[in-house]
Amino acid sequence: MTGIVCQVRLTAMSTLTDASVLDVVVVGAGPTGLLLAGDLAGAGVRVAVLDRTAEPIQIPKGNGVVGRAALELRRRKLLRGTGLRVVRPPRFRFGPFTLELGLLRSPLHVLPVPQHRLESLLAERAVRLGATVLRGREVTGFEQDGNGVTVQATAEGSSVELRARYLVGCDGAHSFVRKSLGIGFPGVTSTNISRLARVTIPAGAVARVGDRIDLRGIGQLVPFQPNRTGHGSITIAPADVLDRSAPDDVYIVSTHEPRGDSEPTDELSDDELRASLRRVLGTDLPYTTAYAARSVVANSRHAERYRDGRVFLAGDAAHIFSAGGSAINTGLLDAVTLGKTLAAVLRGAAPQTLLDAYQSQRHPAAQRTLALTRLQVVLEADDETGQALRDVLGRLVQDRATARRIATLIEG
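Residues numbered from 1 in each chain as written. Predicted model: local features only at pLDDT ≥ 70, side-chain atom pairs only at ≥ 80, totals over all residues. Heavy atoms only, no water.

Peer 1: With reference to specific residues and values, describe the sheet that holds strand β23 (residues 319-320).
Peer 2: Read from one edge to the other, the open sheet built from 3 strands follows the order β11-β20-β23, with strand pairing classed as antiparallel. Strands with a single pairing partner mark the edges of an open sheet, and in this sheet they are β11 (187-189) and β23. Pairing between strand β20 (residues 299-302) and β23: 2 bridges, direction antiparallel. Paired with His302 across the two strands is His319, which belongs to β23. Strands β11, β20 and β23 of the sheet are contacted by helix α9 (residues 356-380), whose axis makes an angle of about 160° with β20. (Pairing = 2+ DSSP bridges. Helix = DSSP H or I, 4+ residues; strand = E, 2+ residues; numbered from the N terminus. Contact = heavy atoms within 4.5 Å. Axes fitted to C-alpha atoms, helices over the stretch in contact; angles between N-to-C directions.)

Peer 1: Explain the pairing of β20 to me, using residue names and the numbers behind them.
Peer 2: As defined by bridge partners, β11 adjoins β20 across 3 bridges and the pair is classed as antiparallel. Bridge assignment links Val188 to a residue of β20, and that residue is Ser300.

Peer 1: Explain the sheet that holds strand β16 (residues 227-229) to me, using residue names and the numbers behind them.
Peer 2: Across the sheet, 5 strands lie side by side as β16-β17-β18-β12-β19; this open sheet has antiparallel pairing. The open sheet has two free edges, formed respectively by β16 and β19 (289-296), since each of these has just one partner strand. The mean angle between the axes of side-by-side strands here comes to 20°, regardless of whether they run parallel or antiparallel. Sheet topology note: the strand β17 (residues 232-238)/strand β18 (residues 250-258) ladder contains 6 bridges and is antiparallel. Looking at the pairing, Thr235 lines up with Ser254 of β18.

Peer 1: Give a description of the environment of Ser120 that names residues and reports values.
Peer 2: Note on placement: Ser120 falls in helix α4 (residues 115-128). Note: C-alpha distance between Ser120 and Pro31 (89 residues apart in sequence) is 9.0 Å.

Peer 1: Help me get a handle on the packing of aromatic side chains, residues and values and all.
Peer 2: For the structure on display, the rule yields 3 aromatic pairs. Taking the centre distance of 5.8 Å and the plane angle of 45° together, the rings of Tyr306 and Tyr358 count as tilted. Here Tyr358 lies in helix α9 and Tyr306 lies in the loop between β20 and β21 (307-308), a separation of 52 residues in the sequence. Judged on exposure class, the residue Tyr306 and its partner Tyr358 are both buried. On the numbers, 6.1 Å between centres and 70° between planes, the contact of Phe312 with Tyr358 is edge-to-face. Highlighted residues: Phe312 in strand β22 (residues 311-313) and Tyr358 in helix α9, separated in sequence by 46 residues. Both residues of the pair, Phe312 and Tyr358, count as buried. Among the aromatic residues, ring-to-ring pairing joins Tyr166, Tyr306, Phe312 and Tyr358 into one connected group. (Phe/Tyr/Trp six-rings, centres within 6.5 Å; stacked < 30°, edge-to-face > 60°. Buried < 20%, exposed > 50% of the residue type's maximum accessible area, 1.4 Å probe, protein only.)

Peer 1: Please set out the nonpolar core residue by residue, giving values where relevant.
Peer 2: The tendency in soluble globular proteins is for nonpolar side chains to be buried as a group. Counting 76 residues, the largest nonpolar core has Val24, Val65, Val168 and Leu342 as its most contacted members. Take this core: its biggest share by element is 11 residues, from helix α8 (residues 327-346). Beyond its immediate sequence surroundings of up to four residues, Leu342 is in contact with Val24, Leu40, Tyr166, Val168, Phe312 and Leu355. In this structure, Ala205, Ile236, Tyr251 and Ala293 belong to the second largest nonpolar core, which totals 20 residues. (Core = buried A, V, L, I, M, F, W, Y, C linked by side-chain atoms within 4.5 Å.)

Peer 1: Which residues make up the side chain of Arg76, and what values do they have?
Peer 2: One can find Arg76 in the loop between α3 (68-75) and β4 (91-94). According to the relative accessible area criterion, Arg76 is buried, its value standing at 16%. For Arg76, the residues in contact, after removing those within four places along its chain, are Leu35, Asp39, Arg125 and Val336.

Peer 1: Describe α8, listing the residues and the values that go with them.
Peer 2: In a regular helix each residue adds 1.5 Å, so 20 residues correspond to 28 Å; α8 covers 28 Å between its end C-alpha atoms and thus fits that length. Of all 20 residues making up α8, 18 are buried, and the element is well covered by its neighbours. Immediately beyond the C-terminal end of α8, within one or two residues, lies Gly348, with a positive phi of roughly 80°. (Expected span 1.5 Å × (residues − 1).)

Peer 1: Summarise the pattern of salt bridges; cite the residues concerned and give the values.
Peer 2: Throughout the structure, instances matching the rule amount to 20 salt bridges. Where Arg212 meets Asp211, a salt bridge forms, and the shortest distance between an N and an O atom there is 3.6 Å. You can call Arg212 partly exposed: its relative accessible area is 33%. Look at Asp211 and you get exposed, because its relative accessible area is 57%. Overlapping salt bridges, with partners in common, bring together Asp39, Arg68, Glu72, Arg75, Arg76 and Arg125 in one network. (Salt bridge = Lys/Arg side-chain N within 4 Å of Asp/Glu carboxyl O.)

Peer 1: Lay out the confidence of the model for the chain in plain terms, naming residues and giving numbers.
Peer 2: Where the model shows low pLDDT, its predicted coordinates should not be examined in detail. On average, the chain scores 90 in pLDDT, and the residues at 70 or more come to 95%. This model gives residues 1-20 a pLDDT under 50, and the stretch forms 35 contacts once residues within four places in sequence are excluded. (pLDDT = per-residue confidence, 0-100.)

Peer 1: Describe the packing of helix α2 (residues 31-42) against α4, naming the residues involved and giving the relevant values.
Peer 2: The N-to-C vectors of α2 and α4 enclose an angle of 20°; their axes lie 8 Å apart at closest approach. When the axes of α2 and α4 are compared, the pair comes out roughly parallel. As for the relative orientation of α2 and α4, their crossing is left-handed in sense. In this structure, α2 contributes Pro31, Leu34, Leu35, Ala37, Gly38, Asp39 and Ala41 to the contact, and α4 contributes Gln115, Leu118, Glu119, Leu122, Ala123, Arg125 and Ala126. (Parallel < 35°, antiparallel > 145°, perpendicular 65-115°, else oblique. Left-handed = near helix turned anticlockwise from the far one by under 90°.)

Peer 1: Quick one: what's the story with the pairing of strand β12 (residues 192-200), residue by residue and with numbers?
Peer 2: Most of β12 sits out of view: 7 of its 9 residues are buried. Here β12 pairs with β18 via 9 bridges, running antiparallel. Residue Arg198 lies in a different strand from β18, and its bridge partner there is Ile252.

Peer 1: Describe unusual backbone geometry, listing the residues and the values that go with them.
Peer 2: Here the phi dihedral of Glu156 falls at roughly 55°; this positive angle occurs in a residue that is not glycine. Along the chain, Glu156 falls in the loop between β9 (149-155) and β10 (158-169). Glu156 gets classed as exposed once you look at its relative accessible area, which sits at 79%. In this structure, Phe224 is a non-glycine residue whose phi angle is positive, near 65°. Here Phe224 is to be found in the loop between β15 (219-221) and β16.

Here it is in structure tokens:
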């Protein structure tokens, strides 16, 4: 415990004096875990967050929060003084379609923000409200009984132990907490692979022409949506649209092509990135440098249950989606619901039976999101079924009322 107490005192947070002082231990310092910790601390709950990484990950991942989760962040005054704001977009992407929502009555709320900045804001809020955020602590085991959960972790090569009344696993798609509980995670894995990066394209090789991006030797591409070729698709977007601090010559690019025997990796070589772009485009993309290059294989999975006694799952530990933009939103709403529920029970304002409400509320909500994201994947498919669906739904979504109904589902 010495390492933990020392770390807490250095960061001016509430001191952990023994293994029985905590109400909740949260595993994972991503957006879900940090929002949950902040909400609990704000309600007077003694909470600590453990994360195995020594420093926050700066690799660009998500680019924004969509739907009711954005309003929840604004309601918590998280955006005050940041220059960030929630907007109501007049149009929004849904698979291969653009939903025309209108300037005045758009039912959708969007907060453009890079994930690493969102995590920084959430961590600052959690600490300010009294939560303890401890990095370099990897959870290696836990045991629960009728009164609480004993959590074992390693810190700088030493073993540490914490005692809490409840444990929440917000530790991602490969969740140690979920696997330790033996909770199934059924779903499907894509047969395609996406390679993503931020690239610098010299001014002479690219131009923004109206709502298109004109690339030298390639032609015009539509930003923010897959541009199909005979060998896959490419998506490109100006980074400064999503992150105002980004230079105007930086673009976010991703290719999408059959996976074959390729495995996803957090570090993608420049040669692999260029080769993928060449396969998809039929020629070279005229960029000079690339960074934050990685590859991913989409999964669509859902935990069979979100609770086992005094242990809960939230965020990617509970669900992962095959279409981008849904994971953060759904995870943040998990945190909102679970935070309210745990705080009420811990304060004695509600019976423990209220904890069952987390499963009954959030599991169906994630199931609906899974259905929406799986539909988007099918709509993008380069086969007869995908084309047939695009032909039919393409006409339907041209109706603004239909587009708004879909956006209302996305809003959550």
